[in-house]
Amino acid sequence: MGDICAASDKPIVLMIDEVDSATNNQVFIDFLAQLRAQYLKRFQQPALKSVILAGVYDIKNLRQKIRPEDEHKYNSPWNIAADFDIDMSFSKDDIAGMLGEYEMDYHTGMNMREMAGWIYDYTSGYPFLVSRLCQLMDEKVIRECGSREAAWTEEGFHAALRMILSEKNTLFESLIGKLHAYPQLDKMLRTILFTGKTFSYAADGSVIDMAAMFGFVRNCQGNVAIANRIFETRLYNYYLSEYAQLQLQ
């Protein structure tokens, strides 16, 4: 890595995505330790400008594996304890803006403000869900309705909504996978959905913090709420289907 940095006439930034999947890989941990050692010697030898580790879990879990037990601290020469507090969800205006660009190309005659409102009401701006609903209307609903104009209507939107609620995709597979992996998270979501019990949104609570980290819940006036109506409906369907299968046994 030092040779590459020395040969480059510009600073080099290393970005590693999906870092969570490698946290239990000792070779990867050793690689990170080497990067850190190189960074500490950056004034004596060429080194990377920055290292970006992208993932879901708090990066301090990685740091505890890199450093000896007596060196565990919450500060770091990598600034890896820095919070990322940018809201990545789309607002109604963001969605309307994207629809406006689409409309300039295809001239469907849709009511962009209404369509943006419907999409936001069901997704709360969750980027994957926003994009997927629009993709379904553009690629699949259009075939059912027979025209692009008919696809971008209230009826077309609800057709896309039915499709996304019944399909298998990586987001929903991850959602269900987390329920199996974290029983307390599963229990809390079941309780919210089927008993109406409320939980105060306490970021220090491990289960609530985990649910928020995965994007499954949000802070609604100080209480925990399912992040959006699509997640809520999908979870209802999953739990009801699970119950029905148990009754057959």
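What you are looking at is a predicted structure, and each value in this text was computed from that prediction instead of being measured. Residue indices follow the written sequence of each chain, beginning from 1 at its first position. With pLDDT at 70 or above as the cut-off, local features in this predicted model cover only qualifying residues; side-chain atom pairs require 80 or more to be listed or tallied, and sums for whole chains, interfaces and linings still use all residues. The basis for every side-chain value is the complete set of non-hydrogen atoms in the structure, without hydrogens or water.

1. Observations regarding the pairing of strand β3 (residues 217-220)
It is a general feature of regular strands that their side chains alternate between the two faces of the sheet.
Line of reasoning, step 1. Two strands qualify as a pair provided that DSSP identifies no fewer than 2 bridges between them. The secondary structure listing takes helices from DSSP runs of H or I that are at least 4 residues long and strands from runs of E that are at least 2 residues long, numbered from the N terminus. With four bridges joining them, β3 and strand β4 (residues 223-226) adopt antiparallel strand pairing. Following the sheet pairing, Cys220 is matched in β4 by Asn223.

2. Describing the packing of helix α9 (residues 170-181) against helix α12 (residues 229-248)
Line of reasoning, step 1. An axis is simply a line fitted to the C-alpha atoms; with a helix, the fit covers only the stretch in contact. Between two such axes, the angle follows the N-to-C directions and lies from 0 to 180 degrees. In contact at an axis separation of 12 Å, α9 and α12 are set at 60° when each is read in the N-to-C sense. In terms of orientation, α9 and α12 fall into the oblique class. Two packed elements cross with a definite hand, and for α9 against α12 that hand is right-handed. When α9 is examined against α12, the residues Leu171, Phe172, Leu175, Ile176, Leu179 and His180 are found in contact with a partner set consisting of Ile230, Phe231, Arg234, Leu235, Tyr238 and Tyr239. An angle counts as roughly parallel when it lies under 35 degrees, as roughly antiparallel when it exceeds 145, as roughly perpendicular when it falls between 65 and 115, and as oblique in every other case. Note on convention: the crossing is left-handed when the near helix lies turned anticlockwise from the far helix by less than a right angle, right-handed when the turn is clockwise. Whether two residues touch is decided by their heavy atoms; if any such pair falls within 4.5 Å, the residues are in contact.

3. As for unusual backbone geometry
Line of reasoning, step 1. A positive phi is found at His107, a non-glycine position, where the angle reads about 50°.
Line of reasoning, step 2. Positive phi, normally seen in glycine, also occurs at Ser124, with a value near 55°.

4. Quick look at the packing of aromatic side chains
Line of reasoning, step 1. Each pair of aromatic rings taken from Phe, Tyr and Trp, with Trp reduced to its six-membered ring, is defined by centres within 6.5 Å and is described as stacked if the planes are under 30 degrees apart, edge-to-face if over 60, and tilted in the remaining cases. The full count for this structure, using the stated rule, is 11 aromatic pairs.
Line of reasoning, step 2. Look at Tyr182 and Phe214: their rings are 5.8 Å apart centre to centre, the planes differ by 40°, and that puts the pair in the tilted class. Of this pair, Tyr182 sits in the loop between α9 and α10 (183-195) while Phe214 is found in the loop between α11 (206-213) and β3, placing the two residues 32 residues apart along the sequence.
Line of reasoning, step 3. Three exposure classes are used, based on accessible area relative to the maximum for each residue type with a 1.4 Å probe and protein chains only: buried under 20%, partly exposed in between, and exposed over 50%. The buried category is assigned to Phe214, whose relative accessible area is 11%.

5. A word on the confidence of the model for the protein
Line of reasoning, step 1. Scored by pLDDT, the protein comes out at a mean of 84, with 84% of its residues at no less than 70.
Line of reasoning, step 2. Within the model, the stretch residues 64-78 combines pLDDT values under 50 with 28 contacts to residues more than four positions away or in other chains. Each residue gets a pLDDT score, which is the predictor's confidence in that residue and runs from 0 to 100.

6. Describing the side chain of Asp186
Line of reasoning, step 1. Note on placement: Asp186 falls in helix α10.
Line of reasoning, step 2. N or O atoms closer than or at 3.5 Å make up a polar contact, with two conditions inside protein: a donor-capable atom paired with an acceptor-capable one, and, for residues adjacent in sequence, both atoms drawn from side chains. Here Tyr239 takes part through its side chain, which lies 2.6 Å from a polar atom of the side chain of Asp186.
Line of reasoning, step 3. In this structure Asp186 touches Leu179 and Tyr239, once residues within four positions along its chain are discounted.

7. Digging into the pattern of salt bridges
Oppositely charged side chains can form a pair if their charged atoms are brought close together.
Line of reasoning, step 1. Here a salt bridge means any side-chain nitrogen of Lys or Arg lying within 4 Å of a carboxyl oxygen belonging to Asp or Glu. Tallied over the entire structure, the rule returns five salt bridges.
Line of reasoning, step 2. Across the salt bridge formed by Arg190 and Glu242, the nearest N and O atoms sit 2.3 Å from each other. Here Glu242 lies in helix α12 and Arg190 lies in helix α10, a separation of 52 residues in the sequence.
Line of reasoning, step 3. Judged by its relative accessible area of 29%, Arg190 falls in the partly exposed class.
Line of reasoning, step 4. A single network of salt bridges, built from pairs that share partners, joins Asp186, Arg190 and Glu242.

8. Quick notes on helix α6 (residues 127-145)
Given 3.6 residues per turn, any residue in an α-helix points the same way as the ones three and four places further on.
Line of reasoning, step 1. For a helix, the expected span equals 1.5 Å multiplied by the residue count minus one. Given a rise of 1.5 Å per residue, 19 residues ought to cover 27 Å, and the 25 Å separating the end C-alpha atoms of α6 matches this to within 8%.
Line of reasoning, step 2. At Met137, α6 shows its largest bend, some 40°.
Line of reasoning, step 3. Looking at the packing, one finds that the buried side of α6 touches α4 (92-106), α5 (112-123), α7 (148-151), α8 (154-166), α9 and α12.
Line of reasoning, step 4. Backbone geometry just downstream of α6 places Gly146 in the positive-phi region, at approximately 90°. Two axes enter the bend calculation: one fitted to the seven residues ending at the residue in question, the other to the seven starting there, and the bend is the angle between them.

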